[in-house]
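Read off the chains here:
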Amino acid sequence: MPLITYREALNQALSEEIARDSNVVLMGEEVAQFKGSYKVSEGMLENFGSDRIIDTPISEAAFSGLGIGAAMMGMRPVVEFMFWSFCYVAFDQIFNNAASVRYMSGGLINVPIVFRGPANGGTNVGATHSHTPENFAANTPGLKVICPATPADAKGMMKSAIRDNDPVCVMENTILYNLQGDVPEDNDLLVPLGKARLAMEGNDISIIAHGRSVHTAMEVAETLSEKHNVSAEVLDLRSIRPLDVDAIIETVRKTNRVLLVDENKPFCGVGAQISFLIQDRAFDYLDAPIKRVSAIDAPQAYSKVLENYQIPNHDRVLKKALEIL
């Protein structure tokens, strides 16, 4: 398997699906001539032309609505947001219309559209460019929400999202774009939505995470093993909605201790929902209270030093894990 970056894996997924299906198009601000703000669409304009790789005006409301209408008519648009923070400009289009059309039409009209782009803090671009809205999107029935943590999952889940008949929100992490990993050379590499990945096996504590937090969890698991003789299990959720509840309950029953790590703000966050599910379905298996490490509950800091502390980091996660143990 070749070693490629997360960015290249997304490029492969998009290119393969556009070549495979004439209904797939990519649209967004600067995706064509500028090759995307993070160069995910590099080379695609030259390969597929301006009918398939479409530069749009600077109006998320307009091109999100255009994409939804096209999806309702049989196209499979992929809409890129320069930052997921800008999805709020298209709130009505995404969260009200795209999410509701299939239900309100009695299943007669599908909306096979993908909304994708970076959703994360940690890049020191200020509060209005640093949202992690997967919990917000997952609160809306009708939307699917995925957060790939590895290049292989970035490719396989993106391809599955494009082929899905429902709106899928793909939350990428800017800091992961240069991450390298093994990715199979397979034009039909499909990673199912709603299926978690056991990133590391262990027996003493379960660390449940998604997106970039998976890598923080892995680092903490290695520290626990090397310095504290603790065997940590790391579960990569991959998908927030649908959520792999069975995998969550299985790891909790195995280790009897659980730490939830994500970059959401804590109030009404992903971790809050998972915590409820665990106490509802596996309470008798817990040997310690459920703990969480999330982003500190304040608008995202611009200062690099402050923001590096605000989002879950190795030391904050390790400290909480040792409290549980």
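The rules behind the values
Residues numbered from 1 in each chain as written. Predicted model: local features only at pLDDT ≥ 70, side-chain atom pairs only at ≥ 80, totals over all residues. Heavy atoms only, no water. Patch = residues over 30% accessible without salt bridge, like charges linked within 9 Å, V, L, I, M, F, W, Y side chains within 5 Å. Areas by Shrake-Rupley, 256 points an atom, 1.4 Å probe, with all protein chains shown as cover. Salt bridge = Lys/Arg side-chain N within 4 Å of Asp/Glu carboxyl O. Buried < 20%, exposed > 50% of the residue type's maximum accessible area, 1.4 Å probe, protein only. Helix = DSSP H or I, 4+ residues; strand = E, 2+ residues; numbered from the N terminus. Pairing = 2+ DSSP bridges. Axes fitted to C-alpha atoms, helices over the stretch in contact; angles between N-to-C directions. Phe/Tyr/Trp six-rings, centres within 6.5 Å; stacked < 30°, edge-to-face > 60°. Lys NZ or Arg CZ within 6 Å of the ring centre and 35° of its normal. Parallel < 35°, antiparallel > 145°, perpendicular 65-115°, else oblique. Left-handed = near helix turned anticlockwise from the far one by under 90°. Contact = heavy atoms within 4.5 Å. Nonpolar A, V, L, I, M, F, W, Y, C, P; charged D, E, K, R; others polar.

Remarks on a nonpolar patch on the surface
Taken together, the side chains of Tyr88, Phe91 and Phe136 define a hydrophobic patch exposed on the protein surface, amounting to about 260 Å² of accessible area. Judged by relative accessible area, which is 38%, Phe91 ranks as partly exposed.

Concerning unusual backbone geometry
Glycine aside, negative phi is the norm for most residues, and most peptide bonds take the trans geometry. The linkage connecting Arg241 with the following residue, Pro242, adopts the cis geometry, with an omega of 5°. Tracing the backbone through its elements, the reader meets Pro242 in the loop between β12 (239-241) and α9 (245-255). Even without glycine at this site, Lys39 takes up a positive phi of about 60°. If you trace the backbone, Lys39 turns up in the loop between β2 (24-28) and α2 (44-48). Assessed through its relative accessible area of 28%, Lys39 is described here as partly exposed. Positive phi values are uncommon outside glycine, yet Asn229 reaches one of about 55°. Here Asn229 shows up in the loop between α8 (213-228) and β11 (232-236). Residue Asn229 is classed as exposed on the basis of its relative accessible area, which comes to 71%.

Looking at the sheet that holds strand β5 (residues 114-118)
Reading across from one edge, β3-β2-β4-β5-β7-β6-β12 is the order of the seven strands in this open sheet, with mixed pairing throughout. Edge strands, defined here as strands with exactly one partner in the open sheet, are β3 (53-55) and β12. The average undirected angle you get between the axes of adjacent strands in this sheet is 20°. Here three bridges tie β2 to β3, and the two strands are oriented parallel to one another. Note on β3: the bridge partner recorded for Leu26 is Ile53.

Concerning the packing of aromatic side chains
Within the structure shown, the criterion is met by 11 aromatic pairs. Where Phe81 meets Trp84, the ring centres are 5.1 Å apart and the plane angle is 75°; that geometry is what we call edge-to-face. We note that Phe81, like Trp84, is buried. Taken together, a centroid distance of 5.1 Å and an interplanar angle of 40° make the contact between Phe91 and Phe95 tilted. With a gap of four residues between them, Phe91 and Phe95 both fall in helix α4 (residues 91-98), about one helical turn apart. Given a relative accessible area of 7%, Phe95 falls into the buried group. Three or more aromatic residues joined by ring pairs make a cluster, and in this case those are Tyr6, Tyr38, Phe83, Phe86 and Tyr177. Directly above the ring of Phe34 sits Lys39, whose terminal nitrogen or CZ lies 3.4 Å from the centroid. The aromatic ring of Tyr309 is capped on one face by Arg316, whose charged end is 5.7 Å from the ring centroid.

Regarding the packing of α8 against helix α12 (residues 314-324)
Closest axis-to-axis distance for the α8/α12 pair is 9 Å, and the angle between their directions is 55°. By the angle class used here, α8 and α12 are oblique. Along this stretch, α8 crosses α12, giving a crossing that reads as right-handed. From α8, Thr216, Glu219, Val220, Thr223, Leu224 and His228 reach across to α12, where they touch His314, Val317, Leu318, Ala321 and Leu322. Class assignment of the residues belonging to the contact of α8 with α12 gives a composition of six nonpolar, four polar and one charged.

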